[in-house]
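# A closer look at the structure
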Amino acid sequence: MRRITQQALSLLGSISLALSAHGIAQAAQDSVKVGMMLPYSGTYADLGNNIDQGFQLYIDEQGGTLDGVKIEYVRLDDESNPSKGPENANRLVNRDKVDVMVGTVHSGVAMAMAKVANDTDTLLIIPNAGAMAITGPLCSNNIFRSSFSNWQPGYAMGKVAADKFGHKTAVTVTWKYAAGDESVQGFTEGFEEGGGKVVRNLTVPFPDVEFQALLTEIASLKPDAVYTFFAGGGAVKFVLDYAAAGLKDNISLYGAGFITDGTLQAQGKAAEGLYTTLHYADDLDLAKDKSFREAYEKKFNRAPDVYSVQGYDAAQMLHAGLKEAKGDFSNRDAVVKGMSSATYDSPRGKLTLSPSHNPVHDLYLRKVENGINAYQGVAVAQLGDPARGCRLK
Ligand code: BEZ
């Protein structure tokens, strides 16, 4: 009897060894709970919804599972409110027990999520917020970004404004928080490298949209160009007000592409002719983008934008991690390795991640033509983020 028991035990051992050798994790969980922490209300509501839809599209294309692991969702509206960020992120991790957080849009809220992710060793994928600190001094093994750093589109626009359009002076206008400040920092670096000079930085608090005083000041300063960072509802209002103030035909208006992405229907003629830089355009000649746009429009009955792409790529990143881990989400080293080393076939074009886990991608020059952000060429090829202060190797 004893001998039979020993034989049975040893047989069980061999089976489990064989399973491991084939990469089938013995205790692998069969589902992963994704905590979507996004703005579903307020000035960034459309951005949050589009990220969510992009993410869903990719998961649905895979049949709802990634490498055999079912994807479940918990959703939380962060209202783009940084003061509620720590509590909201802690709720997802500690109460809802999510395995991975996906979020968010607003840099200030994302900073709180990054802190909670690091304190609780939770995987975090950021599908928009560009706060430089997150892939700078706060960079970490378990934090990834599928979007951009705030510096990247700003830098590209500064280069183009100086080198291609030959402007010498510029005024910047933005919301006073990390995203605006860092976008302006990128623009200033690119513009001043090309011999331009930023003569005044103007700001309003987030999410205010009272622009009249700033527009009056721009009119009296008479710079060659104006650079803006606004997004969502604020971007719509700024472009309409700029045109209504009679400035559009006199002082060239540029921006990080968020000023015209997902906003063109509401901006109408006021946006026609505006040049911006971003890692996406509405008419890229890429097979992946064509199939993505077709599938997105079929599923959601409207066109995707840059936020939809970033959501889609966030899901691709989770998939790359699960592939490397052969479906065993608990094998964090393999998940991180898969996510950081993949080359992604993004609707934006080829996408890889820098050592700080920030996208390295082409920055495009776009022009609003007939209601779309039309591709004009590559402004800066395969641009990374300086990732100043990141010690990750
Ligand atoms: C940010 O807060 O980082 C951000 C928000 C909207 C668009 C782009 C960046």
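Please refer to the structure higher up on the page.
These figures come from a predicted structure and were not determined experimentally. (Residues numbered from 1 in each chain as written. Predicted model: local features only at pLDDT ≥ 70, side-chain atom pairs only at ≥ 80, totals over all residues. Heavy atoms only, no water.)

### Some remarks on the pairing of strand β1 (residues 31-38)
Within β1, seven of the eight residues are buried, which leaves the element mostly enclosed by the surrounding structure. Across eight bridges, β1 lies against strand β3 (residues 69-77) in parallel orientation. Bridge pairing links K33 to E72 in β3. Taken together, the three bridges between β1 and strand β4 (residues 100-102) define a ladder with parallel strand orientation. Considered in β4, the bridge of G35 is made with M101. (Buried < 20%, exposed > 50% of the residue type's maximum accessible area, 1.4 Å probe, protein only. Helix = DSSP H or I, 4+ residues; strand = E, 2+ residues; numbered from the N terminus. Pairing = 2+ DSSP bridges.)

### Remarks on the site of the ligand
Close to the ligand lie 15 residues, the nearest being V105, S107, G130, Y177 and A179. At 2.7 Å from an oxygen atom of the ligand is found a side-chain nitrogen or oxygen belonging to S107. At 3.0 Å, a backbone N or O of G130 approaches an oxygen atom of the ligand. Contact with the protein chains hides 100% of the accessible area of the ligand, taken as 260 Å² for the molecule alone. Across the shell around the ligand, the residue classes break down as ten nonpolar, five polar and no charged. Mapping the shell around the ligand onto the domain boundaries places at least three of its residues in each of domain 1 (30-148 + 283-360) and domain 2 (151-278). (Near = heavy atom within 4 Å. Polar contact = N/O pair within 3.5 Å; in protein donor to acceptor, adjacent residues only side chain to side chain. Areas by Shrake-Rupley, 256 points an atom, 1.4 Å probe, with all protein chains shown as cover. Nonpolar A, V, L, I, M, F, W, Y, C, P; charged D, E, K, R; others polar. Domains from an automatic or database assignment.)

### Remarks on the state of the cysteines
Across all of its chains, the model carries one disulfide by this definition. A sulfur-sulfur separation of 2.2 Å characterises the disulfide bridge that pairs C139 with C390. Its torsion about the S-S bond being 90°, the disulfide of C139 and C390 is classed as right-handed. With C139 in the loop between β5 (123-126) and β6 (143-145) and C390 in the segment after β15 (372-383), this pair connects stretches of sequence that are 251 residues apart. In terms of burial, C139 and C390 fall into one category: buried. (Disulfide = S-S within 2.5 Å.)

### Side note on the pairing of strand β9 (residues 225-229)
In terms of residue burial, β9 counts as a mostly covered element, since five of its five residues are buried. Burial along β9 is two-sided: the face carrying A225, Y227 and F229 and the face carrying V226 and T228 are both buried. Pairing geometry for strand β7 (residues 169-175) and β9, over five bridges, is parallel. By the bridge assignment for β9, T172 is matched with Y227. Strand direction decides the pairing type here: β9 and strand β10 (residues 252-256), joined by four bridges, are parallel. Paired with A225 across the bridge in β10 is S252. In this fold, the crossover linking β9 to β10 by way of helix α8 (residues 232-244) has right-handed handedness. (Right-handed = clockwise from strand over helix to strand, strands pointing away.)

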